[in-house]
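# A look at the structure
One-letter residues, chain by chain:
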Number of protein chains: 2
Amino acid sequence: MQDKILELLKEKKYLEVKKILSQEKTVDIAEILNDVSDEFLPICFRILPKDTAADVFSYMDSDSQEKLIKTFSDSELKEIINDLYVDDAAALIEEMPSNVVKRILRSADPEMRKSINMLLQYPKNSAGSIMTTEYVSLKRDMTVSDAFDKIRKYGVDSETIYTAYITSKNRRLIGTVSAKTLLLSDMNSKIEDIMDSNFVSVATTEDKEAVADLFMKYDLLALPVVDAENRFVGIVTVDDAIDVVQDEATEDIEAMAAIVPTDKTYIKTGVFETFLKRIPWLLILMVSATFAGSIIRNYENALQNGYVILTAFIPMLMGTGGNCGSQASTSVIRAISLGEITIKNIFSVIWKEIRVAFLCGVTLAIANFAKLMLVDRVSFEVSLVVCLTLVITVFLAKFIGCVLPILAKAIKLDPAVMASPFITTILDAISLIAYFNIATAVLGI
Amino acid sequence: MQDKILELLKEKKYLEVKKILSQEKTVDIAEILNDVSDEFLPICFRILPKDTAADVFSYMDSDSQEKLIKTFSDSELKEIINDLYVDDAAALIEEMPSNVVKRILRSADPEMRKSINMLLQYPKNSAGSIMTTEYVSLKRDMTVSDAFDKIRKYGVDSETIYTAYITSKNRRLIGTVSAKTLLLSDMNSKIEDIMDSNFVSVATTEDKEAVADLFMKYDLLALPVVDAENRFVGIVTVDDAIDVVQDEATEDIEAMAAIVPTDKTYIKTGVFETFLKRIPWLLILMVSATFAGSIIRNYENALQNGYVILTAFIPMLMGTGGNCGSQASTSVIRAISLGEITIKNIFSVIWKEIRVAFLCGVTLAIANFAKLMLVDRVSFEVSLVVCLTLVITVFLAKFIGCVLPILAKAIKLDPAVMASPFITTILDAISLIAYFNIATAVLGI
């Protein structure tokens, strides 16, 4: 596909390119343009039909968008920018370098510029930052047919026409009505009689994750957003909510792997940037890991005197502890971010993990004891020490693994940080302390 | 809230309960009913207005649904079941014990039963399993006003009216038209002239994750599903797609923590079930961890003779290796499931990770060397051995961490399984081999 188009471009067969692109969806055209070489990009874009150009542009990646803007005449830019949805325009501006931003804002119509600036002022990750200001608004005393007239008039420019918003004189939101209700109602019935005044709405400052949760809970297509004075300022649409769900999951996963989360994709993140995302936790964890080492050093002499064999089981003990801990912490962290678990559940969670720990610990200990005696042929005492430590480690792992994330959440930290790497480091030290104390007791080292 | 209602129920003030519930959204009513004690559940449900009862029922959790069904008379059950959306009814049946299922199917209308059985036959996680058969279908020669008439007539029972589907005589899907287009078109224009024949559709057997990806890529509200003979059989709606995104993320996260994924939530999964989800990997990883131990045992004598200090750095080396590996694997696994990375990218990914590894390795080694010399005051040779091993471990960790998930994907395994626990276990062994070999070379142990 890409190759065919490149070929045609090289041969200057622009009409054929136009024909091929016209059969593609805007999203796919955008992807094709992302891959077109710089020289052909402007030509390719210019042969797009006027009505899809802005739409395609909004789906392109920021690098290609920047390249294009640099080749745009002021009039071309004006046309594209003012055809964009406000939220796409705001998103674009956040990606562009300042000189490009200046040009964009200059070419935006006053109304558009006002809306863009409003959207840009909202904090990152807030409902305001993902909303759009283009919606259908109605008055309570309109009839259904008035409503349809208004939708026909302004519908083209609004992100969704499937929910219309009824506002009072002072711009308070007093109700919503779905296109479905409108279609199923009598043409002469009054909006105020069919509107739903028991609607869900969020504040502009609400966290976008909470917004996404509302979409999932109530199966919404759009969610109205109100400002501090409770005035209706915009809507979030489901296509943006679904992206939030995806992004939040990625951030959780990154945090769980001791990576400082970013919005950028893996491919788009540069080497040095990736390094900066990973090194902080690596350093912290490396330094704290040396604590486990110092415990071993305390027993250096004991090990020296005939018990160096004990060191052979350290990897297994630490590994199992880490795995048990990360299983518990991961389950709990996910449950927290899905809203299943709050601080209120902490005791029921602990009780559950303790029972799971008992089952896991005993199973692992039996399996391990058998292996130690039959395969490794180590002494009964050493096997005993290893397996006792194993049981205790599993208990501590499950306990710490489920408690830390909940506590983190309770003191407003990101629970995801309390995931395997962090927990493992703690458990390494604890399991070693247990190991050597039991060894001292049983073997008298 | 819950308490207040419970109080009123105890005092038999059902009218007041009814009043309170009537002000709540169906989803919230369902949540309240989930928490109502068994004795009051049927009463609570019966006082709900007829038109919301089925809706509320579909949002309740399966335990409460089962309890209710057992208290239903056949006529009550009939009423509820036939008011449900087909996909909700199918979902309900999958949750219920066989005797309840029999009752449900008996009370379903023939048409309903047919649709339910069709949905139930599709494989788990397929597009067919999350679709619904209730949609608005039009004929190409209808006019826009005919279309509106049909929507008004059948709209109430269909899951969405915002996309209508145009089918040919042989039930092939030939186009789709959005309510927006209908509303913005002239009443007399023919459907075939305004319909979009360049629509996205999926096969019933398509994986639901791929379905969700299409929703995100094309910002869809609904997606048509066609069978093997390319006949139009149903639609998936965005509210179900968003749930898929959430569930898939959870499954990835669980797999990454060496937990066998399930559909059940953490709270709903019993202790023994949780144990069964966790123990398989724990056993596998414990046994493979002993391999690392056997490496240490090979050097038992060497350690015995004055180099037991080397064991003190094993936790730090293994820990850091594990963390570097899980950072790389997690980033890559997530990128794969977001569709950014395929086997084609393997070399660019490796090249990137190698450079990141260089930066991380050197930084960690320098930090560690300084600490060893200045804080721990160990000999220069030992510090050298430790830091050389550290650099090599980081390289191997980043390399294995990025390669294994991609290879897993290439041979159709779940990449998420190649996450930290698995990678860590491999790295423990490798880093120890490197450690002792370097020690032999430098210290001549």
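These lines cover the structure that appears in this document, whether it is placed above or below. These numbers were taken from a predicted model, which means no experiment stands behind them.

Turning to empty space enclosed by the protein, a few remarks are in order. Taken as a whole, this structure holds five cavities of 30 Å³ or more when the rule is applied. A:Gly322, A:Thr424, B:Gly322, B:Asn323 and B:Thr424 are the residues nearest the centre of the largest cavity, which is lined by 31 residues in total. Only helix 17 (271-298), helix 19 (314-337) and helix 22 (420-443) of chain A together with helix 17 (271-298), helix 19 (314-337) and helix 22 (420-443) of chain B provide two or more residues apiece to the lining of the largest cavity. Looking at side-chain class alone, the lining of the largest cavity contains 13 nonpolar, 16 polar and two charged residues. Of the voids in this model, the second largest cavity is the one considered here, and its volume is about 120 Å³.

Time to look at the interface of chain A and chain B. Quoted interface sizes are often the accessible area lost when the parts come together. Listed per partner, the contact involves 111 residues of chain A and 111 residues of chain B. Between chain A and chain B the total buried area reaches about 10,100 Å² when both faces are included, carbon and sulfur atoms providing 67% of it. The salt bridge partner of B:Glu31 is A:Lys217, with a shortest N-O separation of 3.7 Å. There are 39 residue pairs in polar contact (both at pLDDT 80 or more) connecting chain A and chain B.

Placing chain A over chain B gives an RMSD of 0.1 Å and needs a rotation angle of 180°, together with 0.0 Å of translation along the axis. The transformation relating the two chain copies, once decomposed into turn and shift, fits a two-fold axis. A shared interface surface links the copies, since 100% of the contact residues of chain A are contact residues in chain B too.

Attention shifts here to the nonpolar core. Core analysis: the biggest nonpolar cluster contains 132 residues, and A:Leu33, A:Phe45, B:Leu33 and B:Phe45 have the highest contact counts within it. Those residues in contact with B:Leu33 that sit more than four places away from it in its chain are B:Leu21, B:Leu41, B:Cys44, B:Phe45, B:Leu48, B:Val56 and B:Met60. With 89 residues, the next largest nonpolar core counts A:Val356, A:Leu364, A:Tyr435 and B:Tyr435 among its residues.

It is worth spelling out the packing of aromatic side chains at this point. Residue and element names in this part refer to chain A. For the structure shown, the criterion picks out 23 aromatic pairs over all chains. On the numbers, 6.1 Å between centres and 40° between planes, the contact of Phe 57 with Phe 72 is tilted. Note that Phe 57 is positioned in helix 5 (residues 50-59) and Phe 72 in the loop between helix 6 (62-71) and helix 7 (74-83), a separation of 15 residues in sequence. In this structure Phe 72 comes out as buried when scored by relative accessible area, which is 6%. Aromatic pair Tyr 165 and Phe 232: ring centres 5.1 Å apart, planes at 35°, arrangement tilted. Here Tyr 165 is found in strand 2 (residues 163-167), whereas its partner Phe 232 is found in strand 6 (residues 232-237), with 67 residues between them in sequence. An identical accessibility class is assigned to Tyr 165 and Phe 232; each is buried. Following the ring pairs from residue to residue traces out a cluster consisting of Phe 45, Phe 57 and Phe 72.

Once that is clear, we can look at the packing of helix 19 of chain B against helix 20 (residues 346-376) of chain B. Residue and element names in this part refer to chain B. Two elements in contact, helix 19 and helix 20, have axes whose closest approach is 12 Å; the angle formed by their N-to-C orientations is 150°. As the angle between them shows, helix 19 and helix 20 are arranged roughly antiparallel. Where helix 19 crosses over helix 20, the handedness of that crossing is right-handed. Contacts between helix 19 and helix 20 involve Met 316, Thr 320, Cys 324, Ala 328 and Val 332 from the first element and Val 349, Glu 353, Leu 364 and Asn 368 from the second.

Okay, the packing of helix 6 (residues 62-71) of chain B against helix 9 (residues 98-107) of chain B next. Residues and elements named next belong to chain B. Closest axis-to-axis distance for the helix 6/helix 9 pair is 11 Å, and the angle between their directions is 60°. When the axis of helix 6 is compared with that of helix 9, the two are oblique. The chirality of how helix 6 crosses helix 9 is left-handed. Taken together, the residues of helix 9 that come into contact with helix 6 (itself represented by Glu 66, Ile 69 and Lys 70) are Val 100, Arg 103 and Ile 104. Tallied by class, residues from the contact of helix 6 with helix 9 come to three nonpolar, no polar and three charged.

Turning next to a nonpolar patch on the surface. All names here are of chain A. A cluster of nonpolar side chains, namely Phe 358, Val 362 and Ile 366, defines an oily patch on the protein surface of about 280 Å² accessible area. With respect to the helices and strands, the residue Phe 358 is situated in helix 20 (residues 346-376). Here Phe 358 falls in the partly exposed class, since its relative accessible area comes to 49%.

Here we take up the side chain of B:Thr250. Looking at the secondary structure, you find B:Thr250 in helix 16 (residues 238-256). Residue classification places B:Thr250 among the buried residues on the basis of a relative accessible area of 15%. Polar side-chain contacts of B:Thr250 include one of 3.0 Å to the backbone oxygen of B:Gln246. The residues touching B:Thr250, leaving out its near neighbours within four places in the chain, are A:Arg334 and A:Leu338.

This paragraph deals with the sheet that holds strand 6 of chain A. Residue and element names in this part refer to chain A. Pairing in this open sheet of three strands is mixed, and the strands run 4-5-6 from one edge to the other. Each end of this open sheet is capped by a strand with a single partner; those strands are strand 4 (202-203) and strand 6. By the bridge criterion, five bridges tie strand 5 (residues 222-226) to strand 6 in an arrangement that is antiparallel. Bridging from a neighbouring strand, Val 226 pairs with Phe 232 of strand 6. Helix-sheet contacts for helix 15 (residues 208-218) involve strand 4, strand 5 and strand 6, and the interaxial angle to strand 5 is about 140°.

This part is about the environment of B:Ile343. Residue and element names in this part refer to chain B. Residue placement: Ile 343 occurs in the loop between helix 19 and helix 20. Using a relative accessible area of 42% as the deciding quantity, one classes Ile 343 as partly exposed. Sequence separation between Ile 343 and Asp 243 is 100 residues, and the spatial gap between their C-alpha atoms is 28 Å. Residue contacts for Ile 343: discarding those within four places in its chain leaves Ile 406, Leu 407 and Ala 410.

Here we come to the sheet that holds strand 4 (residues 202-203) of chain B. All names here are of chain B. Taken in spatial order, the three strands make up an open sheet running 4-5-6, and their pairing is mixed. Looking at strand neighbours, the two that pair on one side only are strand 4 and strand 6 (232-237), the edges of this open sheet. Set on the sheet, helix 15 (residues 208-218) makes contact with strand 4, strand 5 (222-226) and strand 6; between it and strand 5 the angle comes to about 140°.

Here helix 8 (residues 86-95) of chain B has its buried residues at B:Val86, B:Asp87, B:Ala89, B:Ala90, B:Leu92 and B:Ile93. Considering only its buried residues, helix 8 of chain B is in contact with helix 5 (50-59), helix 6, helix 7 (74-83), helix 9, helix 10 (110-120) and helix 16 of chain B.

Parameters at a glance
Residues numbered from 1 in each chain as written. Chains lettered and ligands numbered in written order. Predicted model: local features only at pLDDT ≥ 70, side-chain atom pairs only at ≥ 80, totals over all residues. Heavy atoms only, no water. 1 Å grid on protein atoms, 1.4 Å probe; cavity = no way out; pocket = protein on both sides within 12 Å on 5 of 7 lines; lining within 4 Å. Points joined across faces, edges and corners; volume = space filled by probe spheres on them. Helix = DSSP H or I, 4+ residues; strand = E, 2+ residues; numbered from the N terminus. Nonpolar A, V, L, I, M, F, W, Y, C, P; charged D, E, K, R; others polar. Contact = heavy atoms within 4.5 Å. Buried area = accessible area lost by both parts, 1.4 Å probe. Salt bridge = Lys/Arg side-chain N within 4 Å of Asp/Glu carboxyl O. Polar contact = N/O pair within 3.5 Å; in protein donor to acceptor, adjacent residues only side chain to side chain. Least-squares fit on C-alpha atoms with pLDDT ≥ 70 in both. Core = buried A, V, L, I, M, F, W, Y, C linked by side-chain atoms within 4.5 Å. Buried < 20%, exposed > 50% of the residue type's maximum accessible area, 1.4 Å probe, protein only. Phe/Tyr/Trp six-rings, centres within 6.5 Å; stacked < 30°, edge-to-face > 60°. Axes fitted to C-alpha atoms, helices over the stretch in contact; angles between N-to-C directions. Parallel < 35°, antiparallel > 145°, perpendicular 65-115°, else oblique. Left-handed = near helix turned anticlockwise from the far one by under 90°. Patch = residues over 30% accessible without salt bridge, like charges linked within 9 Å, V, L, I, M, F, W, Y side chains within 5 Å. Areas by Shrake-Rupley, 256 points an atom, 1.4 Å probe, with all protein chains shown as cover. Pairing = 2+ DSSP bridges.

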